[in-house]
Amino acid sequence: MSWPAIEVHRDYIAEQLKANVTAATIHQRLRDEHGLEASVASFRRWVRANLPEEARRSQVRVLGDTPPPGHDWIHRDNQPAPPRPRSPFKNLCQTITAS
């Protein structure tokens, strides 16, 4: 029932998805600025059914380059990542099992 009301905004939705705007944000803008009364769940179903390529594109997140094997991640200040602290729980377990 709400799909015809969403269909009216097809071009706007496709444009926003291409600009990497989330479906939740697009729905909120349509609701606030254009009076769309469809639920966010209905909106997401419509997007997946009618704009599948754009919906898949919006789910991809590029996080950055992966360091080569054997290299540590570099922090913001270009220093190697500090070693992780040992868990005190692990030391306690080793003490209990040794006694």
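All residue numbers here refer to positions counted from 1 along the written sequence of the relevant chain. Selection of residues for local features in this predicted model requires a pLDDT of at least 70, selection of side-chain atom pairs for listing and counting requires 80 or more, and totals for whole chains, interfaces and linings are taken over all residues. Side-chain numbers come from the whole structure's heavy atoms, not from hydrogens or water.

**A closer look at the overall build of the protein**
Regarding its fold elements, the protein presents 6 helices and 0 strands. Put simply, DSSP H or I for four residues or longer makes a helix, DSSP E for two residues or longer makes a strand, and each gets a number counted from the N terminus. From first element to last, N terminus to C terminus, the protein shows the α and β order α-α-α-α-α-α. The classification of residues rests on relative accessible area computed with a 1.4 Å probe and restricted to protein chains. Under 20% of the type maximum is buried, over 50% is exposed, and intermediate values are partly exposed. When the 99 residues of the protein are sorted by exposure, 21% land in the buried category. What makes two residues a contact is simply this: any of their non-hydrogen atoms within 4.5 Å. Contacts spanning at least 24 positions in sequence make up 48% of the contacts within the protein whose residues lie at least 6 apart. Surface accessibility follows the Shrake-Rupley procedure with a 1.4 Å probe radius. Residue values consider only the protein chains on display as shielding. When the accessible surface of the protein is summed, it comes to about 8,100 Å², and 55% of that surface belongs to carbon and sulfur atoms.

**Some points on the pattern of salt bridges**
Between Lys or Arg on one side and Asp or Glu on the other, a salt bridge is scored when a side-chain nitrogen of the former is within 4 Å of a carboxyl oxygen of the latter. Taken as a whole and assessed by the stated rule, the structure comprises 2 salt bridges. Between Glu 7 and Arg 10 there is a salt bridge whose closest N-O contact spans 2.7 Å. Overall, Arg 10 belongs to the partly exposed group, its relative accessible area being 26%. For Arg 31, the salt bridge identified is with Asp 32, shortest N-O distance 3.1 Å.

**Brief notes about helix H4 (residues 40-50)**
Where H4 is concerned, the buried positions are Ser 42, Phe 43, Trp 46 and Val 47. An end-on view of H4 places all buried positions within 140 degrees of arc, on one side of the element. It is the directions from the helix axis to the C-beta atoms that the arc portrays.

**Regarding the packing of helix H2 (residues 10-18) against helix H3 (residues 23-34)**
Between H2 and H3, whose axes approach to 10 Å, the crossing angle comes to 145 degrees. Where H2 crosses over H3, the two elements pack in a sense that is right-handed. Between H2, through Tyr 12, Ile 13, Gln 16 and Leu 17, and H3, the contact on the second element is made entirely by Ile 26, Arg 29 and Leu 30. Any residue that is not Ala, Val, Leu, Ile, Met, Phe, Trp, Tyr, Cys, Pro, Asp, Glu, Lys or Arg is counted as polar, Gly included; the first ten are nonpolar and the last four charged. When the residues that make up the contact of H2 with H3 are grouped by side-chain class, the tally is 5 nonpolar, 1 polar and 1 charged. Between N-to-C directions, angles cover 0 to 180 degrees, with each direction set by a line fitted to C-alpha atoms, over the stretch in contact for helices. By the definition used in this description, the sense in which the near helix is turned from the far one sets the handedness, with an anticlockwise turn below a right angle giving left-handed and a clockwise turn giving right-handed.

**A word on unusual backbone geometry**
One non-glycine residue with positive phi stands out, namely Asn 20, at about 65 degrees. In this structure, Asn 20 sits in the loop between H2 and H3.

**What to know about the side chain of His 9**
With respect to the helices, strands and loops of the structure, His 9 is situated in the loop between helix H1 (3-7) and H2. Judged by its relative accessible area of 16%, His 9 falls in the buried class. When neighbours within four sequence positions are excluded, His 9 is seen to be in contact with Leu 30 and His 34.

**So, the nonpolar core**
Counting residues in hydrophobic clusters, the biggest one holds 14 residues, and the most contacted among them are Ile 6, Ile 13, Ile 26 and Phe 43. Of all the secondary structure elements, the ones that give two or more residues to this core are H2, H3 and H4. Those residues in contact with Ile 13 that sit more than four places away from it in its chain are Ile 6, Ile 26, Leu 30, Phe 43, Trp 46, Val 47 and Leu 51. In plain words, nonpolar cores are sets of buried Ala, Val, Leu, Ile, Met, Phe, Trp, Tyr and Cys residues tied together by side-chain atoms within 4.5 Å.

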